[in-house]
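Observations on the model geometry
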Amino acid sequence: MRRRLVMAAVCAAVVSMAALWQPELAWVAAQPSASAEERYASPLEVLLSPDGARLYVLCQGTDEVRVLNAATGRVLRTIAVGHLPRGFSLSPDGGRLFVANSWDDTVTVIDTESGRVKATWAAGFEPSSVVEDRAGKLLYVADRIGNNIAVLDAVTGEEKTTLAAGRGASYLAMSADGSRLYATHVYPNPSSRQEGNRTPPQSEITIIDPVRARVVDRMMLPDIAGVFHLALSRDGRLGMVAQVHPKNLVPLAHVEHGWAFADTLTVFGADVGRKSVEVPLDELDRYYAMPFGVAIAPDKSRIYVTHGGSDCVTVIDTKKLLAYIHAHPEPFAENLAASANYVVARIAVGKNPRGLVLSRDGARLYVANRLDDTISVISTRAMSVVQTTRLAGPEKVSALRRGEQTFYTAKYAFQGQFGCSNCHIDSTFDGLRWDLEPDGFGKDIVDNRLIEDLVGTEPFKWNGGNPTLGMECGPRTEKYFYRSQSFDDRTLVDLVTYIRSLPSRPNRFRAANGELTPAQDRGRVIFNRTVDKLGQAIPEGNRCAYCHSGPKGTSQRSFDVGTGKTVDNSSLFDTPQLMSVALTAPYLHDGSAKSLEEIWTVYNPHDRHGRTNDLTKDELNDLVEYLRTR
Amino acid sequence: MRRGAAVAVAMGAASLPALLCGLPPQPASHVVHQQTQAVSVIFTAAPMYESLAALHGDERFPQGAQLMVLRDGRTQALVPELAASADASVSFDAKSVLFAGKKHASDPWGIWEVSAQGGAPRLVLAGATDLIRPLWMPQGRMVYARRGPGGFALESAALDGSGALKLSYLPGNFVPDDVLRDGRVLFESGFPLGAGAPPEMFLVYADGSGVESVRCDHGAGSANQGREHGRQMSLDSKAAGAGDIVFAQGGRLARFTSALAAEASIAAPAGEYAGDVTEMPDGHWLLAVRGSGRKRFALAAWKPGAGPVAIVAQDVSRDLIEPVVVAPRAVPNRHPSGLHDWAFGNLLALDARQSRSGALSGVPASVRAETLGTDGRVLSLGTAPVEKDGSFFVQATGDRPLRFILLDAEGKTLRQEQGWFWVRRGEQRICVGCHTGPERAPENRVPQVLLRTTMPADMTGGPASAAMGGGH
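Residues numbered from 1 in each chain as written. Chains lettered and ligands numbered in written order. Predicted model: local features only at pLDDT ≥ 70, side-chain atom pairs only at ≥ 80, totals over all residues.

A look at the overall build of chain A
When its secondary structure is counted, chain A shows 12 helices and 32 strands. Against the globule reference of 25 Å for 630 residues, chain A gives a C-alpha radius of gyration of 25 Å, in line with a compact fold. Viewed in the frame of its principal axes, chain A has a C-alpha envelope of about 75 × 70 × 50 Å. Taking all 630 residues of chain A together, the buried fraction comes to 55%. (Helix = DSSP H or I, 4+ residues; strand = E, 2+ residues; numbered from the N terminus. Rg over C-alpha atoms; globule rule 2.2 N^0.38 Å. Buried ≥ 20, exposed ≤ 12 C-beta atoms within 10 Å, placed from the backbone.)

See below:
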């Protein structure tokens, strides 16, 4: 026993030393146990029962809904739901609780009286939010991967139709009178090929008539990428969304003066007096990163916004805000001094605050702090936290958990402007092309990549310049992104541990038994072929499967496939992995291909990016079908 | 602020019992403020204090100065073996003090270090000219002002005096005030930078890049009497006003706060304040102030927003100024320098038409860059086109004075920068417009100049001496 302890101490010391050089090595020792007992609750969203007595907490980490006494915080009941729940809502009468389970593509229907699961319904790809219509007939489910709103029969769960929404459809909100349903989305809508890859992102609020299940309007959100919760006043005259306004088209030469991101609201409705207004939340020297949840007081006097990256809640005086809006007809989203005119408080809460809910009288505000497993209760009169409820879970904060906290905080960037999760929303990607500074201004425009299941895909960066995640996330991030002292060695090891732990999401295009459809199988044959349709041998380096080899679809080497542009310093690019490739449009290093098909039909005129010009459109479609299974 | 300025209104706490100190050091008669019993305070005592003298290249303490320490209700000289001492800066762990000192009265000011508990001082850095206002920086470095032919320049060095790095590249006087929590150096100089007289506060990164005004409301507030001796209030990061820069403005206190683009007044009790406000662990401020009918600055404690000041120490024959509290504080962030190994810097303007100065009288067609020769003459570095969206992209020699003049199609001046700035060698910098102010964030669009070319117009005045390289 003693010897074992000594060995453990020696190992720990070795790991610690190694971590200084190679965070990947330390990760081996820091791998967390996967036992269910050690899962953190990770509260993501909160709801109150109609009588205000019960607080429903959506625990994403443990796949549960926990029902708490809203006054005391005592747990009344725990209800198991599907995997990685992301959103939930109560039926208008409070009798049913609907939970959107994002990773098993279901909605759990819970009887709130008994606390029992009454049904589990299939609900599209990656359900992220769910709302029932006022009549209790239709259930609307926002599907992040499906980019749509699935409309289910609220009694049987049968899918009635789907409505096209923005890319990464994720959050739904019903107007108080039940006449309109609003949907937001986390990835910017794709631009057209004519617009090119250097145009501002654009998002939308999809407005739906919930009675007829029709999209009636799309409110455009210019310059916005990353739209989260939406709130509406009870009188229906004021609405707003929490959102991120990236500055991806300007070279990222420095961070101060809002150079990387702006954190804003878009405010709309009759009170605003015009279609919509973008309202900044940041200040000159301090930023309030990743606005996520938003709530409007019942009397409309105050607006509350959670900031997932800054661990606080912003309090806005609605009257002052509207007065400022009316006094400033010109856009003021770039004015970092504007928020002083309407923000009245910033209230510190727990780590990574997300969902929030106000008591019916507006006196108490409950905030779910996802990454420290607490619920902050704020007195809206005192504008301070009066109670913090800790949810049951592991006492010890593991390396993995610390890494996740590091990933989601903005505190390491200069003036707290942004964190990893700004560009990797919910640990994925952002759908944007960035102009990073060191390569020169306007040069080496790079598309952001998904960061799931990265082990075995090294090196990193499109030029393959970083052999390890430690290099990718350490000095490079500090010097060229955060522009401020960032991670110490342990924090970097924790962060790498977390990123390496991110699994690939379930592939919705591949059958559970692994069998391919005929089209997918034809595409697989094309992918692996060595002879073209003319009977000519395809040179090894011109076969799909040569560069995109191995289980993750990358040979981990760089090639010149003829996709370099005049603004690129080199035409050699790291071979990107293919996992979940169907989700990560646009394509190529600079995002110039809007679809998989465009890679070959537009950007491969000389067959340098694989031999494809002998293929028919149907055959290219087959190839696309196969790639979607990766 | 001028020495001897009259103070019209009596200080609220001036009648409170005071702690006296004089030359030679005398035992304290009474400690007024509770907080000073809990922490030690070091300050400068000087028979004559010319607060702005350094900004004119002159001596601030023409009759000498002495660092005093107030500890356990007693004051005594911190380094009695030196002929002069001033400008105390306490290390982040509160164990050590950097200061400007002279062993002999005829020596130039040098930089010294002494234990916060006292003892023999150590000469850290000396030169043929004055070195003043040392401040601790992260990573075992310090920043200070070195007197040179063109005035006081900002410089940083390791604590053994090695690795000196110049941070200012204009003729003029640049005096450090504080090192902010974000790692930037807060300094004061005349406004417009390199060309003006009224003191103003500026910021620069620890590698000399990114020089800019803290705010661009120059001259606002109080008849342009200038801002001086600013410090960041940051001991309790959760306190209201944490991170604010508090400074003296014509004898009153004012602040820059994160949310505002212009200075905000501070409702402090009437009196004339000398700046260099320091914060005690309980949130009280320790400040140098003189009240009605008094010629000398005394040290006083004040809880912002609450009641009168309470005199902590005063001396009938000396000004008591530059207080610092001997208490641990957070180490500012280290600045990871991203300077490239180039002899030049690249500058991109997103829209030169934009300015706090209002609309242009014509359409800018080109921009001319100018520098200063060693003889002080203005030299043209050439012109570059301005795109229709107001953008331009130029390459200029690093570490030299620089300014831009917008020209119309006929070459007439549309707008000219009032002062000068510099770009460091290897720096790449972007501005939203010409003097838009730090409150103006960029729009998210590709400037037209980058759609036309990614090569900056050469304004180096000659061939650049290093090739572009890098990668990250």
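Points about the overall build of chain B
The number of helices and strands found in chain B is 2 helices and 34 strands. Expressed as a percentage of its 472 residues, the buried residues of chain B come to 56%. Partitioning the intrachain contacts of chain B with sequence separation of at least 6 by distance along the chain shows that 57% fall at a separation of at least 24. (Contact = placed C-beta atoms within 7 Å.)

Some points on the pairing of strand β7 (residues 106–111) of chain A
With respect to burial, β7 of chain A is a largely interior element, 5 of its 6 residues being buried. Once strand β6 (residues 96–101) of chain A ends, the chain turns through 4 residues before running back antiparallel as β7 of chain A, passing D105 of chain A with a positive phi of about 60°. (Pairing = 2+ DSSP bridges.)

Let's talk about the nonpolar core
If you look at the biggest cluster of nonpolar residues, it comprises 290 residues, and the most contacted ones within it are V57, V65 and V141 of chain A together with A300 of chain B. Per-element tally for this core: the top contributor is helix α8 (residues 489–501) of chain A, with 6 residues. Discounting chain neighbours no more than four positions away, the residues touching V65 of chain A are Y56, V57, L58, C59, I79, V81, F88, L97, V99 and I110 of chain A. (Core = buried A, V, L, I, M, F, W, Y, C linked by C-beta atoms within 7 Å.)

As for the interface of chain B and chain A
Between chain B and chain A, the residue contacts involve 35 residues of the former and 46 residues of the latter. Counting residues per element, the side of chain B that touches chain A draws most heavily on strand β33 (residues 428–431) of chain B, which supplies 3 residues. Classifying every residue of the side of chain B that touches chain A gives 14 nonpolar, 13 polar and 8 charged. (Nonpolar A, V, L, I, M, F, W, Y, C, P; charged D, E, K, R; others polar.)

Thoughts on the domain arrangement of chain B
When the parts come together, some accessible area is lost, and that loss is often what is quoted as the size of the interface. All names here are of chain B. By the assigned domains, chain B splits into domain 1 (34–326) and domain 2 (344–459). Each of domain 1 and domain 2 has a C-alpha centre, and the two are 34 Å apart. Contact with domain 1, which involves 17 residues of that partner, is made by 17 residues of domain 2. Among the residues forming the side of domain 1 that touches domain 2, the class breakdown is 9 nonpolar, 5 polar and 3 charged. (Domains from an automatic or database assignment.)

Some points on the sheet that holds strand β14 (residues 199–204) of chain B
Strands sit in the order β12-β13-β14-β15 (chain B) across an open sheet of 4 strands; the sheet is antiparallel. If you trace the sheet from one side to the other, it starts and ends with β12 (175–179) and β15 (212–213) of chain B, each paired once.

Comments concerning the packing of helix α4 (residues 399–408) of chain A against α8 of chain A
All names here are of chain A. Contact pair α4 / α8: the axes reach a minimum separation of 7 Å and the direction vectors enclose 95°. It follows from the interaxial angle that α4 and α8 lie roughly perpendicular. Here A399, L400, R402, G403, E404, T406 and F407 of α4 lie close against α8, whose contacting residues are T491, V493, D494, L495, T497, Y498 and S501. (Axes fitted to C-alpha atoms, helices over the stretch in contact; angles between N-to-C directions. Parallel < 35°, antiparallel > 145°, perpendicular 65-115°, else oblique.)

Brief notes about the environment of E437 of chain A
The residue E437 of chain A is located in the loop between β29 (433–435) and β30 (445–447) in this model. E437 of chain A sits 145 residues away from A582 of chain A along the chain, and the two C-alpha atoms are 29 Å apart.

Let's talk about unusual backbone geometry
Note that the residue after E458 of chain A, namely P459 of chain A, is joined by a cis bond; omega there is 0°. Following the sequence through the fold, P459 of chain A ends up in the loop between β30 and α6 (469–473). Residue P192 of chain B follows F191 of chain B across a cis peptide bond; omega there is -5°. With respect to the helices and strands, P192 of chain B occurs in the loop between β13 (185–190) and β14. The residue N352 of chain A is not glycine, and still its phi comes out positive at about 55°.

Digging into the sheet that holds strand β23 (residues 312–317) of chain A
All names here are of chain A. Across the sheet, which stays open at both edges, the 4 strands sit in the order β21-β22-β23-β24 with antiparallel pairing between neighbours. Edge strands, defined here as strands with exactly one partner in the open sheet, are β21 (291–296) and β24 (343–348). Strand-to-strand, the axes of this sheet are offset by a mean angle of 20°, without reference to chain direction. Bridging between β23 and β24 involves 5 bridges; their strand directions are antiparallel. Bridged to I316 within β24 is V343.

Examining the packing of helix α9 (residues 518–528) of chain A against helix α12 (residues 617–627) of chain A
Residue and element names in this part refer to chain A. One can describe the packing of α9 onto α12 by two numbers: an axis separation of 7 Å at closest approach and a directional angle of 95°. Classified by the interaxial angle, the pair formed by α9 and α12 is roughly perpendicular. Along its contact with α9, which presents A519, Q520, R522, G523, R524, I526 and F527, the element α12 presents E619, D622, L623, V624, E625, Y626 and L627. Class assignment of the residues belonging to the contact of α9 with α12 gives a composition of 7 nonpolar, 2 polar and 5 charged.

A look at the confidence of the model for chain B
Residue and element names in this part refer to chain B. Across chain B, the average pLDDT comes to 87, with 87% of residues at or above 70. Long-range and interchain partners of residues 1–35, a stretch whose pLDDT sits below 50, account for 94 contacts in this model, where long-range means more than four residues apart. Across the assembled chains, the prediction reports ipTM 0.90 with pTM 0.92. (pLDDT = per-residue confidence, 0-100.)

Some points on the pairing of strand β26 (residues 344–349) of chain B
Along any regular strand the residues' side chains alternate between the sheet's two faces. All names here are of chain B. Most of β26 is tucked away: 6 of the 6 residues are buried. The alternating pattern of β26 places F344, N346 and L348 on one face and G345, L347 and A349 on the opposite face, and all of these are buried. In this structure, β26 lies alongside strand β29 (residues 392–397), joined through 6 bridges in antiparallel fashion. Residue pairing across strands places F344 opposite T397, the latter belonging to β29. As paired elements, β26 and β33 share 4 bridges and run parallel to each other. Each bridged residue has a counterpart across the sheet, and for L348 the counterpart in β33 is I430.

Thoughts on α4 of chain A
Within α4 of chain A, 9 of the 10 residues are buried, which leaves it mostly tucked inside the rest of the structure. Listing the buried residues of α4 of chain A in full gives A399, L400, R401, G403, E404, Q405, T406, F407 and Y408 of chain A.

Observations regarding α12 of chain A
Among the residues of α12 of chain A, D622, L623, E625, Y626 and L627 of chain A are the ones counted as buried. Close packing links the buried residues of α12 of chain A with α9 and α11 (596–601) of chain A.

Brief notes about the environment of G464 of chain A
All names here are of chain A. Tracing the backbone shows G464 in the loop between β30 and α6. When the C-alpha positions of G464 and S558 are compared, they lie 6.8 Å apart, and in sequence the two are 94 residues distant. Residue contacts for G464: discarding those within four places in its chain leaves P459, S558 and D574.

Notes on the environment of R286 of chain A
Here R286 of chain A lies in the loop between β20 (276–280) and β21. Looking at R286 of chain A, the number of C-beta atoms within 10 Å reads 18, which means it is partly exposed. The spacing of R286 of chain A and G157 of chain A is 129 residues in sequence and 46 Å in space, taken between C-alpha atoms. Setting aside its immediate chain neighbours within four residues, R286 of chain A contacts Q415 and G416 of chain A together with S258 of chain B.

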